[in-house]
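# Coordinates in review
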Amino acid sequence: MGVKDKLEFPGQIHETPDGGFMVTQLDAVINWARSNSVWPLAFGTSCCAIEMMHTVNAKYDWSRFGFEVMRATPRQADLIIVSGTIVMKMAPVLKRLYDQMPEPKYVIAMGACTISGGPFFYNTYSVVKGIDHIIPVDVFVPGCPPRPEALLHSMIALQEKIKNDAYFRKQVDKK
Amino acid sequence: MTNEELKNNITQVFSAVTFDETGEFLNVIIPSEELLPFMKVLRSTKEFNFDYLFCLTCVDWKDHLMMVYFLNSKTHNHTIVVKAKITDTINPQIESVYDIWKTAELNEDEVFDLFGVKFLNHPNLRRIFLEEDWVGYPLRKNYVDEHMIEL
Ligand code: SF4
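These numbers were taken from a predicted model, which means no experiment stands behind them. Each residue is numbered by its place in its chain's sequence as written, counting from 1. Chains and ligands are labelled by the order in which they are written, letters from A for the one and numbers from 1 for the other. Local features in this predicted model are restricted to residues whose pLDDT is 70 or higher, and side-chain atom pairs enter the listing and the counts only when it is 80 or higher, whereas totals over whole chains, interfaces and linings include all residues. With hydrogens and water stripped out, all remaining heavy atoms of the structure feed into the side-chain values.

Our next topic: the overall build of chain A. A helix here means a DSSP run of H or I that spans at least four residues, while a strand means a run of E at least two residues long, and both kinds are numbered starting from the N terminus. Within chain A one finds seven helices and six strands. Reading chain A from its N terminus to its C terminus gives the helix and strand order α-β-β-α-β-α-β-α-β-α-β-α-α. Referenced to the eigenvectors of the C-alpha coordinate spread, the extents of chain A come out at roughly 70 × 45 × 25 Å. The contact rule is simple, with two residues in contact once any of their heavy atoms fall within 4.5 Å. Residue pairs in contact within chain A that sit at least 24 positions apart in sequence constitute 74% of those at least 6 positions apart. The method behind every accessible area is Shrake-Rupley, applied with a 1.4 Å probe, and residues are considered shielded solely by the protein chains displayed. Accessible surface for chain A amounts to roughly 9500 Å². Of this, 60% is attributable to carbon and sulfur atoms.

This next bit is on helix H2 (residues 26–35) of chain A. All names here are of chain A. Per-residue accessibility, obtained with a 1.4 Å probe over protein chains only, is compared with the maximum for each type, and a residue is labelled buried under 20%, exposed over 50%, and partly exposed between these values. For H2, every residue scored as buried is listed here: Asp27, Asn31 and Ser35. Summarising the axial view, the buried residues of H2 lie within an arc of 50°, below the 170-degree limit, and thus occupy one face. In the core, the buried residues of H2 are packed alongside helix H6 (148–163) and helix H7 (167–174). The reported arc concerns the directions from the helix axis to the C-beta atoms and nothing else.

Once that is clear, we can look at the state of the cysteines. Any two cysteine sulfur atoms lying within 2.5 Å of each other are counted as a disulfide. By the definition in use, this model includes zero disulfides over all chains. The closest cysteine sulfur to the non-disulfide-bonded Cys55 of chain B is located on Cys58 of chain B, 11 Å from its own sulfur.

Moving on, we come to the environment of Thr16 of chain A. All names here are of chain A. Its location among the elements puts Thr16 in strand E1 (residues 12–16). Classification of Thr16 by relative accessible area gives partly exposed; the value is 30%. Any N or O atom pair separated by 3.5 Å or less is treated as a polar contact, with the protein-specific requirement of one donor-capable and one acceptor-capable atom, and with residues adjacent in sequence counted only for side-chain atom pairs. In terms of polar contacts, Thr16 uses its side chain to reach the backbone amide nitrogen of Gly20, at 3.1 Å.

A few words now on the interface of chain B and chain A. At the junction of the two partners, chain B supplies 15 residues and chain A supplies eight residues. Approximately 950 Å² of surface area, both sides summed, lies buried where chain B meets chain A, with 66% of it carried by carbon and sulfur atoms. Note: buried area is the sum, over both parts, of the accessible area (probe 1.4 Å) each one loses when the two are combined. Its largest share of buried area at the contact with chain A, chain B owes to His147, Ile149 and Leu151 of chain B, together 47% of the area lost on that side. Here, a salt bridge means any side-chain nitrogen of Lys or Arg that lies within 4 Å of a carboxyl oxygen of Asp or Glu. Counting every contact that joins chain B to chain A gives zero salt bridges. For the pair chain B and chain A, the interface holds three residue pairs in polar contact (both at pLDDT 80 or more). In this classification, Asp, Glu, Lys and Arg are treated as charged, Ala, Val, Leu, Ile, Met, Phe, Trp, Tyr, Cys and Pro as nonpolar, and every other residue, Gly included, as polar. Among the residues making up the side of chain B that touches chain A, the classes are represented as eleven nonpolar, one polar and three charged.

Our next topic: the sheet that holds strand E3 (residues 40–41) of chain A. Residues and elements named next belong to chain A. DSSP-based pairing: two strands are paired if at least 2 bridges between them are found. Spatially, four strands are ordered E3-E4-E5-E6 in an open sheet, and the strand pairing comes out parallel. Edge positions in the sheet fall to E3 and strand E6 (139–141), since each has one partner strand and no second. In this structure, strand E5 (residues 106–110) lies alongside E6, joined through three bridges in parallel fashion. Bridging from a neighbouring strand, Ile108 pairs with Val139 of E6. For helices, the fitted axis covers only the stretch in contact; all axes are lines through C-alpha atoms, and the angles between them, taken along N-to-C directions, range from 0 to 180 degrees. Along the sheet, H6 contacts strand E4 (79–83), E5 and E6; its crossing angle with E5, the most-contacted strand, is approximately 155°.

Moving on, we come to the layout of surface pockets. Vacant regions in the atomic arrangement are exposed by a probe of water-molecule size rolled over the atoms. Residue and element names in this part refer to chain B. Only protein atoms enter the 1 Å grid used here. Points where a 1.4 Å probe fits but cannot escape make up a cavity, open sets with protein on both sides within 12 Å along at least five of seven lines make up a pocket, and a residue lines them when an atom lies within 4 Å of a point. Grid points are joined across faces, edges and corners, and a volume is the space filled by probe spheres set on the points. In this structure, the largest pocket spans a volume of roughly 210 Å³. Lining the largest pocket are 14 residues, and of these Pro138, Leu139, Arg140, Lys141 and Met148 sit closest to its centre. Sorting elements by how many residues they give to the lining of the largest pocket places strand E3 (residues 52–60) first, with three residues. Along the lines of polarity and charge, the residues of the lining of the largest pocket split into eight nonpolar, two polar and four charged. Counted by class, the lining of the second largest pocket contains seven nonpolar, one polar and two charged residues.

Residues and elements named next belong to chain B. As defined by bridge partners, strand E1 (residues 18–20) adjoins strand E2 (residues 26–31) across three bridges and the pair is classed as antiparallel. Bridge assignment links Asp20 to a residue of E2, and that residue is Asn27. Taken together, E1 and the strand that follows it, E2, pair antiparallel across an intervening segment of five residues.

In this section: the site of the ligand. Residue and element names in this part refer to chain A. Note on terminology: near, applied to a residue and a molecule or strand, indicates that one of the residue's heavy atoms is within 4 Å of it. Taken together, Ser46, Cys47, Cys48, Gly84, Thr85, Gly111, Ala112, Cys113, Pro119, Gly143, Cys144 and Pro145 are the residues near the ligand. Where the shell around the ligand is concerned, the elements lending two or more residues are helix H3 (47–56) and helix H5 (112–116). Broken down by class, the residue content of the shell around the ligand amounts to seven nonpolar, five polar and no charged.

Quick look at the structure:
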């Protein structure tokens, strides 16, 4: 059902005897391609990361939705799922990883810890109280930890966001 | 040795100890000045032969600190918990057990880092988790800093 719909090409295909042509918008086709091939960074800091690994593997298998390969280097990734507690000592590392990712890049904050410090909000000397103090966040997923379904939902929400982006038009407008 | 035998043998060697048998292991509470000689006896006496320090930590009880050492013997397969009370919370210090068990080096670094206990005769006492310039000892009950939101 839904999965197949999302893969449908955004535009019209006109068949002619010797081939055919298609009519579309550049932004639509770029976003279509981009949203169906998001490469997440292999990054996890605590218990939420276990749930994220679970989402990668066969039972939930996020490749079905176009999040095919996890990259071990930020230079090849365009999505960072911050799954787990970020402590003060980790914060500069997270910022650097984010800075190293090529544009356009997206951030999912997975779990209570990344949203607000969650279970470590009170009386802690070490935990950052929400990663939005460090990097901009596209989608927040509540839960401790969120179930794999919730993470998948957030990723599909991110795809919607990417599809509604006007990246190409913005580049033209800048000139 | 069973807890009962351990207890009897220890009282023969050291009289200044008290025992607490509520837990699984035999707890020996010893004045902090006596710690080092007592530990040496536990390590070197054949019948005790506590050759493995498997946990070293500290507890903050607000009016005093309690050092806790978990010892095990690989040859006799018996376990004991040694506790030493440090009454001076402003400038707490105690002898290092590094000379007896090498593994104590990093454990004591950690206790120094988070509780601020100074270990005398420790080879390299330093902060191992927090930055060098960190102010205070975060696992102490009275610790506060500007990031902290108190409940
Ligand atoms: S939100 Fe809960 S499950 Fe996730 S990293 Fe924090 S404590 Fe662990």
